[in-house]
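# Close look at the chain arrangement
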Amino acid sequence: MFSSCGLFDFNGITNDYDELTDHQKMKVTKLSSFENLNNDLIYEISGPQLLEELKRNEKSLVYTFANGCSSENCLPLSQIEYYATEYGYELYLIMSGYSRLDATTSQPIDLPLFAISTEYYETNKSRKYQRAFRKDLGYNEFVSEHGR
């Protein structure tokens, strides 16, 4: 008689910070200022912090994404960066969580990365903090006014 026990990883339910290696965790830091950002670090950010920064720019592009997304709707970050540069947008790359972080950090981009702060939103449940982040940025009002 044989018995089997399977362990399942369910990435994406939480922010998956606990799945990072110690080396990766050392790169995650809280955002204190948008001055002198280091492209080798990942800054945890709240909606109000980003909203204040967006007010300082004439044109901004906020791209929220899942690491390693393989959907046809997901573009390489270098293409997003090229578009922003070509059309004069300040670009903010916001990770929705840390799962498959290597898929993002291995891409050739010359910008800092941001991740939604679960500490600020007092939950590590991805749906909850992502919904709260979008609400803080006024996403729901924008979509209802302009459509998708």
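Residues numbered from 1 in each chain as written. Predicted model: local features only at pLDDT ≥ 70, side-chain atom pairs only at ≥ 80, totals over all residues. Heavy atoms only, no water.

This part is about the overall build of the protein chain. When you go through the protein chain residue by residue, the secondary structure sums to seven helices and five strands. Of the contacts made within the protein chain by residues no fewer than 6 positions apart, 62% connect residues no fewer than 24 positions apart. (Helix = DSSP H or I, 4+ residues; strand = E, 2+ residues; numbered from the N terminus. Contact = heavy atoms within 4.5 Å.)

Those residues of helix H3 (residues 77-86) lying buried are Leu77, Ile80, Glu81 and Ala84. Down the axis, H3 shows its buried residues gathered within 100 degrees of arc, on one side only. In this fold, the buried residues of H3 make contact with strand E3 (60-65), strand E4 (90-95), helix H4 (101-105) and strand E5 (113-116). Once H3 finishes, glycine 88 follows within two positions and takes phi at roughly 75 degrees, a positive value. (Buried < 20%, exposed > 50% of the residue type's maximum accessible area, 1.4 Å probe, protein only. Arc of directions from axis to C-beta.)

Next up on the list: the pattern of salt bridges. Inspection of every chain in the model, using the stated rule, returns three salt bridges. Where glutamate 119 meets lysine 30, a salt bridge forms, and the shortest distance between an N and an O atom there is 3.2 Å. Here the residue glutamate 119 occupies a position in helix H5 (residues 118-121), and lysine 30 occupies one in strand E1 (residues 28-30), the gap between them amounting to 89 residues. With respect to class, glutamate 119 is no different from lysine 30; both count as exposed. A salt bridge links arginine 56 to glutamate 53, with the shortest nitrogen-to-oxygen separation between them at 2.9 Å. Judged by relative accessible area, arginine 56 falls into the exposed class, the value being 60%. With relative accessibility at 11%, the residue glutamate 53 sits in the buried group. (Salt bridge = Lys/Arg side-chain N within 4 Å of Asp/Glu carboxyl O.)

This next bit is on the packing of helix H2 (residues 47-54) against helix H6 (residues 126-137). Relative orientation of the contacting elements H2 and H6 amounts to 30 degrees, with a least axis distance of 8 Å. With respect to H6, the axis of H2 lies roughly parallel. Considering the relative orientation of H2 and H6, their crossing is right-handed. Along its contact with H2, which presents Gly47, Pro48, Leu50 and Leu51, the element H6 presents Phe133, Asp136 and Leu137. Grouping the constituent residues of the contact of H2 with H6 by class yields five nonpolar, one polar and one charged. (Axes fitted to C-alpha atoms, helices over the stretch in contact; angles between N-to-C directions. Parallel < 35°, antiparallel > 145°, perpendicular 65-115°, else oblique. Left-handed = near helix turned anticlockwise from the far one by under 90°. Nonpolar A, V, L, I, M, F, W, Y, C, P; charged D, E, K, R; others polar.)

Bringing the environment of leucine 51 into the picture now. Structurally, leucine 51 is set in helix H2. On the basis of relative accessible area, leucine 51 is assigned to the partly exposed category, the value being 30%. As for leucine 51 and leucine 137, which are separated by 86 residues in sequence, their C-alpha atoms are 6.1 Å apart. Residues contacting leucine 51, with those up to four places away along its chain left out, are Asp136 and Leu137.

Relative to the helices and strands, asparagine 57 resides in the loop between H2 and E3. Among the residues examined, asparagine 57 registers a relative accessible area of 17% and is labelled buried. In sequence terms asparagine 57 and tyrosine 89 are 32 residues apart; their C-alpha atoms lie 8.4 Å from each other. What asparagine 57 contacts, discounting residues up to four positions off in sequence, is Glu90 and Tyr92. Only 3.1 Å separates the side chain of asparagine 57 from the side chain of serine 60, close enough to count as a polar contact. Within the local environment of asparagine 57, its side chain forms a polar contact with the side chain of tyrosine 92, the two groups lying 2.7 Å apart. (Polar contact = N/O pair within 3.5 Å; in protein donor to acceptor, adjacent residues only side chain to side chain.)

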